[in-house]
Structures are given as structure tokens and as C-alpha cells.
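The chain contents come next:
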Amino acid sequence: MDKIFIFLQYIVPQHLLSRMTGWLAELEHPVWLKNWVIGLFINHFKVDMLEAAEPDHEKYPNFNAFFTRPLLEGARPLASADVVCPADGAISQLGDIVGGRIFQAKGQDYSAFELLGGDAEWAERFAGGKFATIYLSPRDYHRVHMPVAGRLLATTYVPGDLFSVNGTTAENVDRLFARNERLVCYFETGFGPMAMILVGAMVVAGIETVWGGQVAPPPKTPQSQRFDGQVDPVELARGDEMGRFKLGSTVILLFPENSVEWDEQYQSGTSTTLGQALASAVD
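Because the structure is predicted, anything quoted here is derived from the model rather than measured. In every chain, residue numbers begin from 1 and rise along the written sequence. Totals for whole chains, interfaces and linings use all residues, but because this is a predicted model, local features are given only for residues with pLDDT of at least 70 and pairs of side-chain atoms are given and counted only at 80 or more. Note that water and hydrogens are dropped before the side-chain values are worked out from all heavy atoms of the structure.

Student: How should the overall build of the protein chain be read in this particular structure?
Tutor: Segments assigned H or I by DSSP are reported as helices when at least four residues long, segments assigned E as strands when at least two residues long, and all are numbered from the N terminus. Tallying secondary structure elements over the protein chain gives eight helices and 18 strands in all. Buried residues are those whose accessible area, probed at 1.4 Å on protein chains only, stays under 20% of the maximum for their type, while exposed residues exceed 50% and partly exposed ones sit between those limits. Within the protein chain, the proportion of its 283 residues that are buried is 51%. Contact criterion: two residues are considered in contact whenever any of their non-hydrogen atoms come within 4.5 Å of each other. Taking the intrachain contacts of the protein chain between residues at least 6 apart in sequence as the baseline, contacts between residues at least 24 apart amount to 77%. Total accessible area on the protein chain is roughly 13000 Å²; 54% of this is exposed by carbon and sulfur atoms. For the accessible areas, the method is Shrake-Rupley and the probe is 1.4 Å, while residue cover comes only from the protein chains on display.

Student: What is the right way to look at the side chain of lysine 34 in this model?
Tutor: Examined against the element boundaries, lysine 34 turns out to sit in helix α3 (residues 31–45). We treat Lys and Arg as the positive residues and Asp and Glu as the negative residues; His and chain ends play no part in the count. The term salt bridge refers to a side-chain nitrogen of Lys or Arg lying within 4 Å of a carboxyl oxygen of Asp or Glu. Buried charge lysine 34 goes without a salt bridge, the closest partner of opposite sign being glutamate 58 at 7.2 Å. Of the polar contacts made by the side chain of lysine 34, one reaches the side chain of asparagine 35; its length is 2.7 Å. In this structure the side chain of lysine 34 is engaged in a polar contact, spanning 3.2 Å, whose partner is the backbone oxygen of glutamate 58. Polar contacts, as counted here, are pairs of nitrogen or oxygen atoms within 3.5 Å of one another; within protein the pair requires one atom able to donate a hydrogen and one able to accept it, and residues that are adjacent in sequence qualify only if both atoms are side-chain atoms.

Student: Explain the packing of aromatic side chains here, please?
Tutor: Think of a pair of aromatic rings as described by two things: how far the centres are apart, and how the planes are tilted against each other in angle. Any two rings among Phe, Tyr and Trp, with Trp reduced to its six-membered ring, count as a pair given centres within 6.5 Å; such a pair is stacked if its planes are under 30 degrees apart, edge-to-face if over 60, and tilted if neither. In total, this model carries 13 aromatic pairs according to the counting rule given. Ring geometry for tyrosine 60 against phenylalanine 66: centres 6.0 Å apart, planes inclined by 75°, an arrangement best described as edge-to-face. Look at tyrosine 60 and you get buried, because its relative accessible area is 6%. As a reminder, the over-ring test applies to NZ of lysine and CZ of arginine, requiring each to be within 6 Å of the ring centre and within 35 degrees of the ring normal. The ring of tryptophan 122 has arginine 125 lying over it, and the distance from NZ or CZ to the ring centre is 4.1 Å.

Student: Any chance you could explain the pattern of salt bridges here in plain terms?
Tutor: Opposite charge on two side chains permits them to pair, given that their charged atoms come into close proximity. In this structure the tally under the stated criterion is 10 salt bridges. Here aspartate 88 makes a salt bridge to arginine 76, at a shortest N to O gap of 2.7 Å. Here aspartate 88, found in the loop between β1 (83–84) and β2 (89–96), pairs with arginine 76, found in the loop between α4 (63–67) and β1; they are 12 residues apart in sequence, far enough to count as distant. As far as burial versus exposure is concerned, aspartate 88 and arginine 76 are alike and both buried.

Student: What is the right way to read the sheet that holds β1 from this model?
Tutor: The strands making up a sheet associate through backbone hydrogen bonding, with each pair oriented either parallel or antiparallel. Paired strands are those between which DSSP finds at least two bridges. With antiparallel pairing, three strands are arranged side by side in an open sheet as β1-β18-β16. Each edge of the open sheet is held by one strand with a lone partner, namely β1 and β16 (260–262). Pairing of β1 with strand β18 (residues 277–281), which is carried by two bridges, proceeds in the antiparallel orientation. Within β18, the residue paired with valine 84 across the bridge is alanine 277.

Student: What exactly am I supposed to notice about the environment of glycine 239 here?
Tutor: Structurally, glycine 239 can be placed in the loop between β13 (235–236) and β14 (241–246). A sequence separation of 94 residues divides glycine 239 from histidine 145, and the C-alpha atoms of the two residues are 5.4 Å apart. Apart from residues lying up to four places away in sequence, glycine 239 is in contact with Leu78, His145 and Met146.

Student: Could you clarify how one ought to interpret the pairing of strand β5 (residues 130–135) in this entry?
Tutor: For β5, the tally of buried residues reaches five of six residues, placing the bulk of the element in the interior. Across six bridges, β2 lies against β5 in antiparallel orientation. Across the sheet, the residue bridging to leucine 94 is alanine 132, located in β5. Bridge count for β5 against strand β15 (residues 250–255) is six bridges, and the pairing is antiparallel.

Student: Would you mind showing me how to read the pairing of β14 here?
Tutor: The side chains of a regular strand alternate, first on one face of the sheet and then on the other. The buried count for β14 comes to six of six residues, which makes it a mostly enclosed element. Of the strand pairs in this sheet, strand β6 (residues 143–145) and β14 are connected by three bridges, and their pairing is antiparallel. Within the sheet, the bridge partner assigned to arginine 143 lies in β14 and is arginine 244.

Student: Is there a simple way to think about the nonpolar core in this case?
Tutor: Side chains of nonpolar character tend, in soluble globular proteins, to be buried together. Joining through side-chain atoms within 4.5 Å is the link that ties buried Ala, Val, Leu, Ile, Met, Phe, Trp, Tyr and Cys residues into a set, and such a set is a nonpolar core. Counting 34 residues, the largest nonpolar core has Phe187, Met196 and Met242 as its most contacted members. Here phenylalanine 187 is in contact with Met146, Gly150, Arg151, Leu152, Leu153, Gly192, Pro193, Met194, Met196, Trp211, Leu236 and Met242, once residues within four sequence places are set aside. Counting 24 residues, the second largest nonpolar core, distinct from the first, contains Ile97, Phe126, Leu176 and Ile252.

Nothing here speaks to function; it is geometry throughout.
In C-alpha cells, the structure reads:
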């Protein structure tokens, strides 16, 4: 079955399917159909609506509004840690960047250079550093927050494929996260530079940031933007929202060498909650 699942992803029109899903997710009428789809989704994925700021699913104008729903104030308190989890989800992998490469799954890895859209200068800054890959499942809260306070330096949108990013695909699709559509965000932090990569996936209809709105899907060419010279810099505190997925995907964090150490509780498959302790600073 796994081979069939992977094969189908190669032959289906990934972008067309994802963009059509995005269009459908914005529809507000007929209301009964919108409410039925959202209710079906909640029941199938066992979504906890009691922690949502608006628990009544029928009050959301469309599926995307429901999917990117805010939580009750105080639902995700921040731990007193140097680095906190940026999202609800589960650790796909985390560890060291070895020889410029990042571990994906058993028998699979990819280069930081390729992940960052072929930027050798930025890849070098993370050589020997740390990475963490966090997978957001359909039932999770889908806003992404800052693990540390940071000032936005630059972003790069990298066009690519839209394979699913679940465990089966990670184990069977070569260089998965370095070939999928993604948005790379670079921040200056108290631990040096940090990269947050928001990775697109099958039927992920869009990636948004709080400073730029909808980023993907834009034109089918790489797009870079500098922010370090702006009069009004984009500065976000630890725990502030930085972006969101319209349908779920993956966040990858990169830190430089000798900057942070991941908490020992984490390994592949460990669940994460926004705001819980993720890493501590290296003394």
C-alpha cells in the first residue's frame, strides 16, 4: 500500500489539486455544505474545539477560517525556556547538521544548501548546527509562532513539488523537504541567525506570514526579499505568531553551531505543543 500511495503522488497533478482545494476551502456557500464538511473533518480527525476561541464550527465563514482558527487566550502558555516549540504537532526528526546534510528518515537525508534554495552563504552559517523538523497533522492548531525573539532579515520563496509530508512519504521520497514548495525565513536572534522553513505539501492551499500575508502560491519562480534595511523592522517576540498554513504541513528550524541544545525528551515521534520547552542555550 505504501508503494501505491507514493506512486500516486508522483502521477497526480499536485499543484492543480492543491490550488483547487484552496479554492474550495474559501467557499462560504452553500452554508449547509460548508458546515457539513467542517463537522465531518472535526469528527474524523478528533479536533478539540473546546480550546478554540470560537468553539462553534458553524460560525466560521469557510473551511480556511476554521482551519486557521485562533485558540483561547492562555491556551498555550510559554515555558520558561530559551527556545520553545513553534507549533503543535510532532517531531519528525531533530539533531545535528552533519557535513551540511539534514537527516530526513532512515536512509534519507538532504542538504541544507538545497533546503535553503541554493544559498551557499546562509547554508554555511548553519554548518555543524542544529535542526528540528516538526510535522503538523490535520487535527493540530495551524498557526506557527516564534520559538525565540527575532528580527526578520530576509525571506526566500522556493517553488517545488507538493508531496505529502507524513512519515511514509518522508521514508520513501528522496530529499522530500528540499524539493517541496517552501518559504525560508531568516531571523537574527539572541542565539545568532535562525532559519524557519515553512514547507508546503499535498493539498496545502497556502502559506501566510503576519508581515506579508499570503506568500504561496505566488509565481513559479524563486522570490527573495530583504528586510534588514527597513525603516520599520519586523521584530517578533518569543511566542508571537509568525505565519500559518492553510491545511497542514511542516516547520523546520535551523540554528548555528554551538548555539542551542535540544531538550533530551525529544526524539522522532515525540508530540509537541506550542510554547513548551524545546531547547536551551549552550553555555
